[in-house]
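The residues making up each chain are set out below.
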Amino acid sequence: MNVKSLTERDLLKQHTKLVSTAVNQFTTTASPICSADHLHGLGLIALLDAARQYQPACHGSFETFARVQIHSALIGEVRRAKKWFNSEYAVNSDFAIDGKYAVETQTLSLV
C-alpha cells in the first residue's frame, strides 16, 4: 500500500483501528487524568504525523511505524498529565496519582 497516495481522510478511515487499540490500552492507566476522547484525538494527530513522516525505504511497514508513533504520543501525554496532576493537585487538593488510580492523601496539620 502506498501511504503517500492516500488522502488524509482515507488514511484515517483505514488506520483508525490502530488509534482505537492504543487508546484502549491507555485508558485504564490514564482515566483519572486523561479522557479517552482526548487520547483518541491525540492518537489521530499522531497517525497523521506518522503518514507525513513515513518513508518506506527507512521504516518498513506503515502499520508498525504508525503504531510506534501513536504509542509514543500517548505515553508522552500521559506522563505530562501525571506530572502536572501531581504537581498541581497533590499539593493543593490532597490528591495524587498512585499507579493506576487517583488516591486521596492524608495530610496532618499541626496547630
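Our structure is the block above this text.
Before going into details, it helps to say that this report is about the structure given with it. (Residues numbered from 1 in each chain as written. Predicted model: local features only at pLDDT ≥ 70, side-chain atom pairs only at ≥ 80, totals over all residues. Heavy atoms only, no water.)

Observations regarding the overall build of the protein chain
- A tally of helices and strands in the protein chain yields 4 helices and 2 strands.
- Counting from the amino terminus, the protein chain carries its helices and strands in the arrangement α-α-α-α-β-β.
- By residue count, 27% of the 111 residues in the protein chain fall in the buried class.
- When contacts within the protein chain are restricted to residue pairs at least 6 apart in sequence, long-range pairs at least 24 apart make up 58% of them.
- For the protein chain, the accessible surface area stands at approximately 7300 Å², while carbon and sulfur atoms represent 54% of it. (Helix = DSSP H or I, 4+ residues; strand = E, 2+ residues; numbered from the N terminus. Buried < 20%, exposed > 50% of the residue type's maximum accessible area, 1.4 Å probe, protein only. Contact = heavy atoms within 4.5 Å. Areas by Shrake-Rupley, 256 points an atom, 1.4 Å probe, with all protein chains shown as cover.)

Topic: helix 2 (residues 36-53)
- The end-to-end C-alpha distance of helix 2, which contains 18 residues, comes to 25 Å, matching closely the 26 Å that a straight helix rising 1.5 Å per residue would cover.
- Those residues of helix 2 not exposed but buried are Leu39, Gly43, Ala46, Leu47, Leu48, Ala50 and Ala51. (Expected span 1.5 Å × (residues − 1).)

Concerning the pattern of salt bridges
- Taken as a whole, this structure holds 2 salt bridges when the rule is applied.
- Linking glutamate 77 and arginine 80 is a salt bridge whose minimum nitrogen-to-oxygen distance equals 3.3 Å. Within this pair, glutamate 77 and its partner arginine 80 are both found in helix 4 (residues 62-93), separated by 3 residues, close to a single helical turn.
- On the accessibility criterion, glutamate 77 (17% relative accessible area) is buried. (Salt bridge = Lys/Arg side-chain N within 4 Å of Asp/Glu carboxyl O.)

With respect to the environment of histidine 71
- As for its placement among the helices and strands, histidine 71 is situated in helix 4.
- Put simply, histidine 71 and alanine 22 are 49 residues apart on the chain and 6.5 Å apart in space, counted from C-alpha to C-alpha.
- Apart from the residues lying within four places of it in its own chain, the contact partners of histidine 71 are Ala22, Gln25 and Phe26.

Section: the environment of glycine 41
- Of note, glycine 41 is situated in helix 2.
- For the pair glycine 41 and valine 23, spaced 18 residues apart in sequence, the C-alpha separation works out to 9.6 Å.

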